[in-house]
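Here are the chains, one letter per residue:
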Amino acid sequence: MAWTWFHRLASPPHVYRLAERLTPWFAWSSALLILAGLYGGLVLAPPDYQQGEGFRIIYVHAPSAWMSLMVYTVMAVAAAVGLIWRMKVAHAVAASCAPVGASFTLAALVTGSLWGRPMWGTYWEWDPRLTSELILLFLYLGYMGLRSATEDVQRADRASAVLAVVGVVNVPIIHYSVLWWNSLHQAPSVMKLDKPSMPLDMLVPLLLMLLGFTLYFVAILLMRLRGEVLSRERNASWVKEALSR
Amino acid sequence: MSTSTVMQPAASSTSALTAARLVLERDLRLAFRKREQLVQPLAFFAIVTTLFPLSITPELSRLREIAPGVLWVAALLSSLLALEFLFRDDAQDGTLEQYALSGQSLTWLLFAKTAAHWLLTGLPLSLAAPFAAGALGAPASAWTGIVASVVLGTLALSLLGAIGAGLTLGVKRGGVLLSLLVLPLAMPILIFGSQATELAMKGASIAAPMYLLAALTVLGVTLAPIAAAAAVRISLE
């Protein structure tokens, strides 16, 4: 009874229709939030007293970095659900997450390095947070590499799921070891945006962007999930019905 | 005899520890009959170490600065090279399948295989490391610290690598993929390992990075064989 919704999630046609129905809601609300956040961040917010206009890249950089970690977590949870309850749809969710997460990670790296050019005077600094973001990108690439190297879909699902779970145990260890590495090797030269002391007209657009990026991820995930489910179930009769509508 | 009786795991009277010991002995015996596999990772380690003085500078004072990094990158790469052989032969001739069907805990058997692998590659590397470090300008007093840190680091790496080796079993030409899977996860080992070596070379206490390396090893001993067994099962399906 209370668990019916969960059991129905194991049915590909149900998930396909649910994803179809939910996508516009997430897509439109994320578009509105991102537009509002961009307007607030790029037009309304005052320039930073130290960094000038350059700080505004944070409105893309911070949400991308946040999403890169969140997508990995979602991917690992979906993979664990797929491993434990042998739920095919969960594996499809994990598979759909990886390229999106890798793109967010790349966006965070590129914006971080663009920000570094005026602030540090160089495009790349071995800053601990940028470095652990780079390692995260390698983790995503490994996950996607393992998936594409394994031809049998079910085996690819389960093998990459084990990797995602091992990875998620390691992500905090890697993050903190990189922080520790940097603090020992060089003096802290990194400028930090002190978040709690950020004035409200800078903070509100950032929060809007965070929420907007999250909803955008859900919308993209649902769209990719539909494609993934269709290609996995391509021989099922409901796919023919769904596509001939 | 029907097929169903063949497929069923045999009820075994051998305890898990005895089975693991037998696997360990078998792997060691096999390796000593094929000695070139023992020597290759060591030779690779020596060659990679030689590349750095040739490509940077022969001056010991400058080499000393990069010695910990060179040592650990070389150790990491040569253990990675050896990892490819961890399960491959046994997967090809069906031994791994027999292990999986034997009724014994696959986790224990793979733990024994990983331990044998470390004894054959990690331990010789740890013993060779002080000589390589010496050639790069490390003082002789640093050798205990170097051996201890490489022992722990290669142990953690073998355990971690067993998962990657299990996952890439079914993949043709999986060597590059194996590196892509294992290296990002091995970054903490590299960081703490080279830290310990650097401190040992300066004559400082290496306790802090050694505790962290030991923690990684303990985590590897407790969790990695379980994940490796799951990975091997998936690859054998």
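Residues numbered from 1 in each chain as written. Chains lettered and ligands numbered in written order. Predicted model: local features only at pLDDT ≥ 70, side-chain atom pairs only at ≥ 80, totals over all residues. Heavy atoms only, no water.

A. Quick peek at the overall build of chain B. In terms of regular secondary structure, chain B is built from 11 helices and 0 strands. Moving toward the C terminus, one meets the helices and strands of chain B in the order α-α-α-α-α-α-α-α-α-α-α. Dimensions along the principal axes, computed over C-alpha positions, put chain B at roughly 75 × 35 × 30 Å. Split into buried and exposed, the 237 residues of chain B put 48% on the buried side. (Helix = DSSP H or I, 4+ residues; strand = E, 2+ residues; numbered from the N terminus. Buried < 20%, exposed > 50% of the residue type's maximum accessible area, 1.4 Å probe, protein only.)

B. Just the overall build of chain A, in detail. The helix and strand tally for chain A stands at 8 helices and 0 strands. Looking at chain A residue by residue over its 245 residues, the buried ones come to 47%. Contacts in chain A between residues far apart in sequence, at least 24 positions, make up 78% of those at least 6 positions apart. Summed over its atoms, the accessible surface of chain A is roughly 12800 Å², and 67% of this surface lies on carbon and sulfur atoms. (Contact = heavy atoms within 4.5 Å. Areas by Shrake-Rupley, 256 points an atom, 1.4 Å probe, with all protein chains shown as cover.)

C. Representation of the confidence of the model for chain B in the model. All names here are of chain B. Looking at chain B, pLDDT values average 88 and 95% of them are 70 or higher. Within chain B, helix H8 (residues 143–167) carries the highest mean pLDDT (94), whereas helix H1 (residues 3–7) carries the lowest (44). Predicted complex metrics record ipTM = 0.85 and pTM = 0.88. (pLDDT = per-residue confidence, 0-100.)

D. The arrangement of the environment of A:Ser231 in detail. Mapped onto the fold, A:Ser231 is located in helix H7 (residues 200–232). It is 31 Å that separates the C-alpha atoms of A:Ser231 and A:Ile135, two residues lying 96 residues apart in sequence.

E. Layout of the pattern of salt bridges. Under the counting rule described, the total for this entry stands at 12 salt bridges over all chains. Among the salt bridges present, the one from A:Arg232 reaches A:Asp157, with a minimum N-O distance of 2.8 Å. Highlighted residues: A:Arg232 in helix H7 and A:Asp157 in helix H6 (residues 153–185), separated in sequence by 75 residues. Judged by its relative accessible area of 25%, A:Arg232 is partly exposed. Classification of A:Asp157 as buried rests on a relative accessible area of 4%. Of the charged contacts, one joins B:Asp90 and B:Lys113 as a salt bridge, the two residues approaching to 2.5 Å between their closest N and O atoms. Of the two residues, B:Asp90 sits in helix H5 (residues 85–92) while B:Lys113 sits in helix H7 (residues 106–135), which places them 23 residues apart along the sequence. The same class applies to B:Asp90 and to B:Lys113, which are both buried. (Salt bridge = Lys/Arg side-chain N within 4 Å of Asp/Glu carboxyl O.)

F. Spatial organisation of helix H4 (residues 60–83) of chain B. Taking 1.5 Å of rise per residue, 24 residues should cover 34 Å, and H4(B) covers 32 Å from first to last C-alpha, within 8% of that figure. If you look at H4(B), its biggest bend is around 55°, right at B:Ile66, and the proline B:Pro68 turns up within four residues after that. (Expected span 1.5 Å × (residues − 1). Bend = angle between axes of the 7 residues up to and from the residue.)

G. Expanded view of the layout of surface pockets. For the second largest pocket, the calculated volume is near 710 Å³. Along its surface, the second largest pocket is lined by 24 residues, and A:Trp181, B:Val73, B:Leu190, B:Ile191 and B:Ser194 are the ones closest to its centre. Classifying every residue of the lining of the second largest pocket gives 15 nonpolar, 7 polar and 2 charged. (1 Å grid on protein atoms, 1.4 Å probe; cavity = no way out; pocket = protein on both sides within 12 Å on 5 of 7 lines; lining within 4 Å. Points joined across faces, edges and corners; volume = space filled by probe spheres on them. Nonpolar A, V, L, I, M, F, W, Y, C, P; charged D, E, K, R; others polar.)

H. Focus on a nonpolar patch on the surface. Residues A:Tyr39, A:Leu42, A:Val43 and A:Leu44 make up a contiguous nonpolar surface patch of roughly 420 Å² in combined accessible area. Relative accessible area serves as the criterion here: at 49%, A:Tyr39 is assigned to the partly exposed category. (Patch = residues over 30% accessible without salt bridge, like charges linked within 9 Å, V, L, I, M, F, W, Y side chains within 5 Å.)

I. Fine view of the nonpolar core. Ranked by internal contacts, the top residues of the largest apolar core, which has 124 residues, are A:Met75, B:Leu167 and B:Ile189. Among the elements that take part in this core, helix H4 (residues 88–120) of chain A stands out by supplying 13 residues, more than any other. Setting aside chain neighbours within four positions, we find B:Leu167 in contact with A:Leu146, A:Ala159, A:Val162, A:Leu163, B:Leu181, B:Ala231 and B:Ser235. (Core = buried A, V, L, I, M, F, W, Y, C linked by side-chain atoms within 4.5 Å.)

J. Region of interest: the interface of chain A and chain B. Each partner contributes residues to the interface: chain A has 26 residues there, and chain B has 25 residues. For the pair chain A and chain B, the summed buried area comes to about 2300 Å², and 79% of that belongs to carbon and sulfur atoms. Scanning the region where chain A abuts chain B turns up 1 salt bridge. When the shortest N-O distance is used, the salt bridge between A:Arg158 and B:Glu237 registers 2.1 Å. At the boundary of chain A and chain B, one finds 2 residue pairs in polar contact (both at pLDDT 80 or more). At the level of secondary structure, the elements contributing two or more residues to the side of chain A that touches chain B comprise helix H5 (128–149) and H6 of chain A. (Buried area = accessible area lost by both parts, 1.4 Å probe. Polar contact = N/O pair within 3.5 Å; in protein donor to acceptor, adjacent residues only side chain to side chain.)

K. Summary view of unusual backbone geometry. The phi torsion at A:Arg86 lies on the positive side, around 50°, for a residue other than glycine. A:Arg86 gets classed as exposed once you look at its relative accessible area, which sits at 63%.

L. Region of the structure containing the environment of B:Thr18. All names here are of chain B. Along the polypeptide, Thr18 turns up in helix H2 (residues 16–33). Assessed through its relative accessible area of 27%, Thr18 is described here as partly exposed. As for Thr18 and Leu109, which are separated by 91 residues in sequence, their C-alpha atoms are 9.8 Å apart.

M. Highlighting the environment of B:Ala20. Residue and element names in this part refer to chain B. Within the secondary structure, Ala20 is located in helix H2. A C-alpha to C-alpha distance of 20 Å links Ala20 and Arg33, two positions 13 residues apart in sequence. What Ala20 contacts, discounting residues up to four positions off in sequence, is Trp108, Leu109 and Ala112.

N. Expanded view of the side chain of A:Ser160. Residues and elements named next belong to chain A. Looking at the element boundaries, Ser160 is found in helix H6. Judged by relative accessible area, Ser160 falls into the buried class, the value being 0%. Within the structure, Ser160 has its side chain in polar contact with the backbone oxygen of Asp157 (distance 3.1 Å).

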